[in-house]
Amino acid sequence: MKTPTNRLFRLQCRPQGQVTEQDLEWVEESIADIAEGQALIRTLYLSLDPTNRVWMSQLRSYIPPVELGAVMRGLGVGQVVESRRGDLPVGAIVLGFTGWQDYCVADDSVLEIPFTVLPDPLPAPLPAFLGVLGHTGISAFIGIELGDPQPGETVVVSAAGGAVGSIAGQLAKQRGARVVGIAGGAEKCRHLVEELGFDACVDRHSDNWRKQLDDATPEGIDVDFENVGGPIMDHVLGRLNIGARVSLCGLISEYDTYNDDGDQPGLRNANQLLMQRATLRGFIVTDHIDRYGEIIGKLAAALGEGSLMYDETIVEGLENARDTLNQALSGGTRGKAVIKVAPESSRGRWGEKA
């Protein structure tokens, strides 16, 4: 069988605003032979996350930005199609940094985090390992754990219709808290309340979203699960109760506005962290790798008993990754955004069926 070419996105420019064709270039390249200690992995599903946009910029982050000219960094689920290492046998389904490409080389000397072999048989569909049973579900679990909502307290979750926020709100409800989501559009708000069990939801697209949030939190806010930043976070800070906790998971509204001069809008109500003796804690999911197994087990159990639901937006075709990321950053997707790159039925070398 003829060896296929590798389709991929290379970062050519630091985006200013939405990601364009000039920023992420779509190219096809040949696939080199693997060396001893390497494995070749075919990407099956690619995760699209707000942090992708951070990695494209020069914003100081928890890992270095993607270098210009390099393959765009991204987390994915793939299948080993060739291997010269014992821990990644041919046919294994793996999770790791595949990048925005059809094929990647697993080489621990150049990867941020090694690939993990997923269990066989799989306890859930593959895309779930990029969402509710992956880094987004783990982020929701950790953020709620840090916020520690108590029964009867009010929890606000921004970007509540997204992959992390939708899970975080449900986990807060399981702790007995009153949960108010903030999401974009009446349909997302309806879904969060009627189907995911949120107590109320504020439509950030409405002109009176501030009043909606005030009305939905008459006794103030005890826990803020923050995904958005900007004016929404600023208004939430102005309604914090004494001793409130802010779990800072993301600042998605600011990623498209970041520029290399470092100019960013400020928060007017940051002084309320002091006045209300509140605690703000930022966290990165990869700091908790040692707990992944424990947390995934708890999330899987909740899924199995029907106490946890999750949403996905699955778009077919690697070539659509750039546009889908822009849609996700602007709130145009529901739940976890995933690109289906190749059929799951692929087996053996180069995707041939076994």
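Residues numbered from 1 in each chain as written. Predicted model: local features only at pLDDT ≥ 70, side-chain atom pairs only at ≥ 80, totals over all residues. Heavy atoms only, no water.

### A word on the sheet that holds strand S10 (residues 200-203)
Then, number 1: In spatial order, the strands read S10-S9-S8-S11-S12-S13; together these 6 strands make up an open sheet with parallel pairing. Only two strands of the sheet have a single partner each, and these edge strands are S10 and strand S13 (279-282). Shown here is a sheet whose adjacent strand axes are inclined to one another by a mean of 15°, direction ignored.
Then, number 2: Strand direction decides the pairing type here: strand S11 (residues 221-226) and strand S12 (residues 240-248), joined by 5 bridges, are parallel. The partner of Glu 226 across the bridge, within S12, is Leu 248.
Then, number 3: On top of the sheet, helix H5 (residues 209-216) reaches strand S8 (154-158), strand S9 (178-183) and S10; it is set at about 165° to S10, its chief contact. (Pairing = 2+ DSSP bridges. Helix = DSSP H or I, 4+ residues; strand = E, 2+ residues; numbered from the N terminus. Axes fitted to C-alpha atoms, helices over the stretch in contact; angles between N-to-C directions. Contact = heavy atoms within 4.5 Å.)

### A closer look at the domain arrangement of the chain
Then, number 1: Its domain assignment divides the chain into domain 1 (5-131 + 311-340) and domain 2 (135-304).
Then, number 2: The C-alpha centroid of domain 2 is placed 26 Å from the C-alpha centroid of domain 1.
Then, number 3: Every contact between the two is made by 27 residues of domain 1 and, on the other side, 20 residues of domain 2.
Then, number 4: Summed over both sides, the interface between domain 1 and domain 2 buries roughly 2,000 Å², with carbon and sulfur atoms accounting for 54% of that surface.
Then, number 5: On inspection of domain 1 and its partner domain 2, the count reaches 1 salt bridge.
Then, number 6: Measuring nitrogen to oxygen at the nearest pair gives 3.4 Å for the salt bridge that ties Glu 187 to Arg 334.
Then, number 7: At the level of secondary structure, the elements contributing two or more residues to the side of domain 1 that touches domain 2 comprise helix H1 (50-56) and helix H10 (321-329). (Domains from an automatic or database assignment. Buried area = accessible area lost by both parts, 1.4 Å probe. Salt bridge = Lys/Arg side-chain N within 4 Å of Asp/Glu carboxyl O.)

### Points about the packing of helix H2 (residues 135-147) against helix H3 (residues 163-174)
Then, number 1: Running from N to C, H2 and H3 point in directions that differ by 45°, and their axes come no closer than 8 Å. Classified by the angle between their axes, H2 and H3 sit oblique to one another. Read as a crossing pair, H2 and H3 show a hand that is right-handed. Here Thr 136, Ser 139, Ala 140, Phe 141 and Ile 144 of H2 lie close against H3, whose contacting residues are Ala 163, Val 164, Ile 167, Ala 168, Leu 171 and Ala 172.
Then, number 2: The residue makeup of the contact of H2 with H3, split by class, is 9 nonpolar, 2 polar and no charged. (Parallel < 35°, antiparallel > 145°, perpendicular 65-115°, else oblique. Left-handed = near helix turned anticlockwise from the far one by under 90°. Nonpolar A, V, L, I, M, F, W, Y, C, P; charged D, E, K, R; others polar.)

### Comments concerning the environment of Gln 272
Then, number 1: Locating Gln 272 in the fold gives a position in helix H8 (residues 271-275).
Then, number 2: The class of Gln 272 is buried, set by a relative accessible area of 18%.
Then, number 3: For the pair Gln 272 and Gly 317, spaced 45 residues apart in the sequence, the C-alpha separation amounts to 46 Å.
Then, number 4: Those residues in contact with Gln 272, other than ones at most four positions away along the chain, are Leu 237, Gly 238 and Arg 277. (Buried < 20%, exposed > 50% of the residue type's maximum accessible area, 1.4 Å probe, protein only.)

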